[in-house]
Amino acid sequence: MTTTVVGGGAAGFFTAINLKEMCPGMQVSILERGNKPLAKVELSGGGRCNVTNSFAAVGDLSEVYPRGHRLMGRLLRQFSQRDAYAWFEGRGVGLTTQADDCVFPQSQDARSISHLFLREARRLGIDVLTGRRVTSLDELRRTADFVVVTIGGQPRREGLLWLDEPIEEPVPSLFTFSIDDEALHELMGTVVEQAQVMLPGTKLRAAGPLLITHWGVSGPAVLRLSSYGARLLSDCGYRHPLSINWLGMGSAEATQELHRLQATAGQRLMTTARPAALQQRLWQHLLTRALGAGRTHAPWGSLNQKELNRLLNVLTNDTYLISGRAPHRDEFVTCGGVSLTAVNAQTLESKRHPRLYFAGEVLDIDGVTGGFNFQCAWTTAHTVARFIAAHPQNLAHPQPLPKGGEAHPQPLPKGGEIG
Ligand SMILES: Cc1cc2nc3c(=O)[nH]c(=O)nc-3n(C[C@H](O)[C@H](O)[C@H](O)COP(=O)(O)OP(=O)(O)OC[C@H]3O[C@@H](n4cnc5c(N)ncnc54)[C@H](O)[C@@H]3O)c2cc1C
């Protein structure tokens, strides 16, 4: 029996290695279009590879998988973040969970993951063929018993048409927001540890650290909101109002904070006594936005109710216009891909084409930052491997077990287009 995996990335290697371990007699090969497999794994997490997440702070999977949370909920029961953790540790890659729940290799080096995959592929005798860009599945489906497509996120619909499956329009996710506001740009480098951001007129909101950049805003809260609003923001050409709550608290709590300052620092100038969460430069900027430059040096005690309301509004609902999408260099993913209605939700087998499977980001599943996208690759790949291994056609042809640990490295043939 043979399985061809199209795409030599995270999901492709994880499928191939698990399948070969489950079915040692099966011939498994990976076709990778580039010269170097696992290129994205090596770039990931700023070169450290955020392998997964402890999920300790995840209340509802829809918070971390804006697309595909129901399917992920079902599949994670079979292969969870704990299984992934044990999988890597069991193969000699020690992992560590940070205070923010993100899991990295102890080596802090993404190559610990890519080298493990390459080593395992060699040990198991998986053929890794580079320079093989696949453009049609017809030939592969004729020659292999099973085909698994793990080509990752494709930026354009055209990149997916050859799969002959229903497609959810691909659009980018995990990006930062451009805001044309020079006064804001001057605050570049300012971090607000607990901000809230939302897209007014929608229910989409996110909380967490926010970073002011020379083009607008970035940081975990913004990336999360870009993920929640990926499709909406694409539809409006990345021009949409953005509301920032700089204090990260509700208006009742924020009002209390302002009253506290009025009571305890009534004689002090507003520029010299500020809410604890805000850095001085940002506070000065917000005071100017709320009260105008002339009033920022007034004492707290002189603030009238109207001014207090304006200040409260700027602190908790400061509105800017997103004028574009800026790249996030550390991580970005594609929202959209092969529709989840096109696959069997248990096996990830195509409903239209039997013995064709999908795993990883090519599916319409994507997560926020924090290791959730790799976990999707591990979980979906493991699912596919398990179901191919259990496929009746496969079980009808029992394969001999190879001798333990024998390596059968294959020479890499020259590249070409397969279609
Ligand atoms: C810079 C960056 C950093 C990231 N860091 C993290 C992180 O730390 N943690 C996290 O969870 N997620 C991270 N992500 C997201 C994560 O990398 C992806 O979600 C994950 O790699 C998806 O795995 P995949 O195997 O589905 O796709 P990919 O890793 O993209 O692999 C797909 C492979 O298929 C090949 N391919 C494509 N088309 C064809 C074709 N027609 N024929 C043959 N081969 C083809 C590609 O060359 C590629 O090697 C990051 C993403 C980026 C861009």
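Model, not experiment: these values are computed from the prediction. (Residues numbered from 1 in each chain as written. Predicted model: local features only at pLDDT ≥ 70, side-chain atom pairs only at ≥ 80, totals over all residues. Heavy atoms only, no water.)

Draft legend 1. Molecular detail of unusual backbone geometry. Positive phi outside glycine occurs at L38, with the angle close to 60 degrees. Mapped onto the secondary structure, L38 falls in the loop between β2 (27-31) and α2 (39-47). Given a relative accessible area of 2%, L38 falls into the buried group. The phi dihedral of C49 is positive, around 60 degrees, even though this residue is not glycine. By secondary structure assignment, the location of C49 is in the loop between α2 and β3 (52-53). A relative accessible area of 0% places C49 in the buried class. (Helix = DSSP H or I, 4+ residues; strand = E, 2+ residues; numbered from the N terminus. Buried < 20%, exposed > 50% of the residue type's maximum accessible area, 1.4 Å probe, protein only.)

Draft legend 2. Spatial organisation of the nonpolar core. Ranked by size, the top nonpolar core spans 123 residues in total, and within it F88, F117, L242, W246, W300 and W378 carry the most contacts. With ten residues, helix α13 (residues 372-389) is the single largest residue contributor to this core. The residues contacting W300, other than those within four sequence positions of it, are L258, L261, Q262, A265, G266, R268, L269, M270, A273, W283 and L311. (Core = buried A, V, L, I, M, F, W, Y, C linked by side-chain atoms within 4.5 Å. Contact = heavy atoms within 4.5 Å.)

Draft legend 3. Quick look at the sheet that holds β2. With parallel pairing, five strands are arranged side by side in an open sheet as β6-β2-β1-β8-β17. Both edges of this open sheet fall to β6 (127-129) and β17 (356-358), since each of them pairs with a single strand only. When strand polarity is set aside, the average angle formed by the axes of neighbouring strands in this sheet is 20 degrees. When strand β8 (residues 146-149) meets β17, the two strands line up parallel, connected through three bridges. Bridge pairing in β17 links V148 to Y357. (Pairing = 2+ DSSP bridges. Axes fitted to C-alpha atoms, helices over the stretch in contact; angles between N-to-C directions.)

Draft legend 4. Fine view of the sheet that holds β3. Sheet architecture is open: three strands sit in the order β3-β5-β4, paired in antiparallel fashion. Of all the strands in the sheet, just β3 and β4 (95-97) have a single pairing partner and so form its edges. Alignment of β4 against strand β5 (residues 102-105), held across three bridges, turns out to be antiparallel. Paired with T97 across the bridge in β5 is V103. Contacts between helix α4 (residues 81-90) and the sheet are confined to β3, β4 and β5, with β4 contributing the most and set at about 145 degrees to the helix.

Draft legend 5. Main features of the environment of H328. Here H328 shows up in the loop between β15 (318-326) and β16 (333-338). Accessibility expressed as a relative area gives 16% for H328, which makes it buried. H328 sits 153 residues away from F175 along the chain, and the two C-alpha atoms are 5.0 Å apart. Setting aside residues no more than four positions away along its own chain, H328 makes contact with L174, F175, T176 and L223.

Draft legend 6. Here's a closer look at the environment of M1. In this structure, M1 sits in the segment before β1 (2-6). In this structure, the C-alpha to C-alpha distance between M1 and I179, residues 178 residues apart in sequence, is 55 Å.

Draft legend 7. Representation of the pairing of β15 in the model. Where strand β10 (residues 176-179) meets β15, four bridges bridge the pair, whose relative direction is antiparallel. Pairing of I179 across the sheet is with I322, part of β15.

Draft legend 8. Here's a closer look at helix α5 (residues 111-124). Look at α5: 19 Å from first C-alpha to last across 14 residues, which is about the 20 Å you get at 1.5 Å a residue. S112, I113, S114, L116, F117, E120, A121 and L124 are the residues of α5 that are buried. Where α5 is buried, its residues meet α1 (10-22), α2, α4, β5, β6 and α13. Phi turns positive, to about 80 degrees, at G125, one or two residues after α5. (Expected span 1.5 Å × (residues − 1).)

Draft legend 9. Just the pairing of strand β14 (residues 240-245), in detail. Within β14, five of the six residues are buried, which leaves it mostly tucked inside the rest of the structure. As paired elements, strand β11 (residues 191-198) and β14 share three bridges and run antiparallel to each other. Within β14, the position partnered with M198 by the bridge is S243. In terms of strand pairing, β14 meets β15 through five bridges, oriented antiparallel. Bridged to H240 within β15 is I322.

Draft legend 10. Geometry of the state of the cysteines. Scanning all chains against the criterion turns up zero disulfides. Among the cysteines around C236, which has no disulfide bond, C335 carries the closest sulfur, lying 13 Å off. The thiol of C376 is not disulfide-bonded; the next cysteine sulfur, from C335, is found 13 Å away. When its relative accessible area of 2% is taken as the criterion, C376 is described as buried. (Disulfide = S-S within 2.5 Å.)

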